[in-house]
Amino acid sequence: MVTIKQTMNLTLLLDFILGVTMQVFNAPTDQTSLITATWDHAVNSKAKLQSALTSESTMIEADVITGHLIDEPQTEGEKTDRIPIMGHPPAITSDLSLKEFLDAWNNSNKIIKLDFKSTEAFQLASPVIENAYKDSPPNRLPWLNADILPGPGPGNSPGVDADTFLKVSTKSFPDSILSLGWTTKRNDNDKYSERHINDMVDVLFKNKYMKPVTYAVRASFAVNSISELQYLLETSPVGSTLTVWCSDPKDIINYPKLVQLINTVGTNRVYLDLPDDMSKIFFDMYKTSITNTASNNVGFLSISLASLFALKNVFL
């Protein structure tokens, strides 16, 4: 026979379980969703920079190459040295230098990502960046992006030497976020393999780079590599993230798998950088999945609470 004391203890236990259950389902989240970040791309001219600085985007991406300014004065027969300018290969001229770009950005609160297209561009740009931000707080430093390893496709040999990029960044820009990627080539059936992941882990270990990074991964390959990318983040410094990107409208993206990738890794660990039309498709599908999950959770909660209340009433 159940004693009064045992009944009271069981009642207290059920009250405790009910309380915990309610807290779990009602707990607010303090995780910041990164997937809603918005981008201006290829901001490599004065006109595009002016537009980007006044747009509603939160992120500015620009490419750094070496070359000459269009309006640079030239003396006949004289050859001037190449400087870091904003542009995308095969361009070798621009109306915007890296220094001018950084000076203009200093009046903005947006995050910028500088995408270096060659080791030479990075090396020439480094003193310019150092001089521009020598007295700036860490949150005012630009992201530094480079493809440092060959990746799926298969990708070509990277234009930026991995060791140089990591060593110089460690010494000169210890507070900048590094965005590290693989060269890729369009191939609808490829993925980031275990070898690609291990190559990245190895090069970071070799250069003793132990700070959080964001891994730039092509969306069409990333969706086929969920377990591999999850492993990469688990073996990376705390705070590391993914930046899932697409720049080719011909890429075929499996959107249900992309939703699965985001849900697996977490919205606080993934930046999403897709063209507007692709982004709309993803968010429509993502919102639907969130609604369905919430409905399932409510149903489960209702059944669980009803069962617990019924069990409690038995002992009252």
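Predicted, not measured: the structure shown is a model, and the values here were computed from it. (Residues numbered from 1 in each chain as written. Predicted model: local features only at pLDDT ≥ 70, side-chain atom pairs only at ≥ 80, totals over all residues. Heavy atoms only, no water.)

Chemist: Any chance you could explain helix α3 (residues 98-105) here in plain terms?
Modeler: Residues that lie three or four places apart on an α-helix share one face, since the helix turns once every 3.6 residues. Of the positions making up α3, those classed as buried are Leu98, Phe101, Leu102 and Trp105. Within α3, the buried residues cover an arc of 95° as seen down the axis, which keeps them to one side. Residues of α3 that are buried make contact with α2 (46-53), β2 (59-69), β3 (83-86), β5 (111-116) and α4 (119-133). (Buried < 20%, exposed > 50% of the residue type's maximum accessible area, 1.4 Å probe, protein only. Helix = DSSP H or I, 4+ residues; strand = E, 2+ residues; numbered from the N terminus. Arc of directions from axis to C-beta. Contact = heavy atoms within 4.5 Å.)

Chemist: Help me understand the side chain of Thr183, please; the structure alone is not making it clear to me.
Modeler: Examined against the element boundaries, Thr183 turns out to sit in strand β7 (residues 178-183). Taking the relative accessible area as the measure of exposure, Thr183 reaches 12% and is therefore buried. Within the local environment of Thr183, its side chain forms a polar contact with the backbone oxygen of Asn156, the two atoms lying 2.4 Å apart. Contact partners of Thr183, with chain neighbours within four places excluded, come to Asp147, Leu149, Pro150, Gly151, Pro152, Gly155, Asn156, Ser157 and Pro158. (Polar contact = N/O pair within 3.5 Å; in protein donor to acceptor, adjacent residues only side chain to side chain.)

Chemist: Any chance you could explain the packing of α2 against α3 here in plain terms?
Modeler: To describe two helices that pack against each other, one gives the angle between their axes and the distance between the axes. Viewed as axis vectors pointing N to C, α2 and α3 meet at an angle of 20°, and their least axial separation amounts to 11 Å. As summarised for this structure, α2 and α3 are arranged roughly parallel, according to the angle between their axes. Like other packed secondary-structure pairs, α2 and α3 cross with a definite hand, here right-handed. For the pair α2 and α3, contact is made by Lys46, Leu49 and Leu53 and by Glu100, Phe101, Ala104 and Trp105, respectively. When grouped by side-chain class, the residues that make up the contact of α2 with α3 number 5 nonpolar, no polar and 2 charged. (Axes fitted to C-alpha atoms, helices over the stretch in contact; angles between N-to-C directions. Parallel < 35°, antiparallel > 145°, perpendicular 65-115°, else oblique. Left-handed = near helix turned anticlockwise from the far one by under 90°. Nonpolar A, V, L, I, M, F, W, Y, C, P; charged D, E, K, R; others polar.)

Chemist: Even after reading the chapter, I still don't get the pairing of strand β9 (residues 241-245), so can you show me in this structure?
Modeler: Residues in a regular strand point their side chains to alternate faces of the sheet. Among the 5 residues that make up β9, 5 are buried, leaving the element largely enclosed by the rest of the structure. Residues Thr241, Thr243 and Trp245 line one face of β9 and the alternating positions Leu242 and Val244 line the opposite face, and both faces are buried. Direction of pairing for β9 relative to strand β10 (residues 270-273): parallel, over a ladder of 4 bridges. Pairing of Leu242 across the sheet is with Val270, part of β10. For the crossover that starts at β9, traverses helix α9 (residues 255-265) and ends in the parallel β10, the hand is right-handed. (Pairing = 2+ DSSP bridges. Right-handed = clockwise from strand over helix to strand, strands pointing away.)

Chemist: Got a minute to help me understand the nonpolar core in this structure?
Modeler: What tends to happen in soluble globular proteins is that the nonpolar side chains get buried as a cluster. Ranked by internal contacts, the top residues of the largest apolar core, which has 68 residues, are Phe101, Leu114, Phe116, Ile129, Phe165, Leu258 and Phe282. With 6 residues, the top contributor of residues to this core is α9. Counting 6 residues, the second-largest nonpolar core is a separate cluster that includes Ala37, Trp39, Met59 and Tyr271. (Core = buried A, V, L, I, M, F, W, Y, C linked by side-chain atoms within 4.5 Å.)

Chemist: What should I look at first to understand unusual backbone geometry in this one?
Modeler: With the exception of glycine, the majority of residues adopt a negative phi angle, and the majority of peptide bonds are in the trans configuration. A cis amide bond, omega 15°, links Pro89 with the succeeding residue Pro90. When you line up the elements, Pro90 lands in the loop between β3 and β4 (93-94). Here the amide bond leading from Gly153 into Pro154 is cis, since omega sits at 0°, within 30 degrees of zero. Within the element layout of this structure, Pro154 appears in the loop between β6 (143-150) and α5 (162-172). Of note in the backbone geometry, Ala42 takes a positive phi value of approximately 50° without being a glycine. Tracing the chain through its elements places Ala42 in the loop between β1 (39-40) and α2. The backbone of Lys208 sits at a positive phi, close to 55°, despite the residue not being glycine. As for its placement among the helices and strands, Lys208 is situated in the loop between α6 (194-206) and β8 (213-218).

Chemist: What's the story with the pattern of salt bridges in this structure? I'm lost.
Modeler: Counted according to the given criterion, the structure contains 11 salt bridges. With a closest N to O distance of 2.9 Å, Lys99 and Asp103 form a salt bridge. Residue Lys99 and its partner Asp103 are located together in helix α3, separated by 4 residues, close to a single helical turn. Accessibility expressed as a relative area gives 48% for Lys99, which makes it partly exposed. On the accessibility criterion, Asp103 (37% relative accessible area) is partly exposed. Residues Lys117 and Asp115 are paired through a salt bridge, measuring 2.9 Å at the closest nitrogen-oxygen approach. Judged by its relative accessible area of 27%, Lys117 is partly exposed. (Salt bridge = Lys/Arg side-chain N within 4 Å of Asp/Glu carboxyl O.)

Chemist: Where do I start with the pairing of β6 in this structure?
Modeler: With 6 of 8 residues buried, β6 lies mostly within the body of the structure. Alignment of β5 against β6, held across 3 bridges, turns out to be parallel. Directly across from Leu114, in β6, lies its bridge partner Leu144. Between the parallel elements β5 and β6, the chain passes through α4 in a crossover that is right-handed. Here β6 pairs with β7 via 6 bridges, running parallel. Paired with Asn145 across the bridge in β7 is Ser179. Handedness of the β6-α5-β7 crossover: right-handed.

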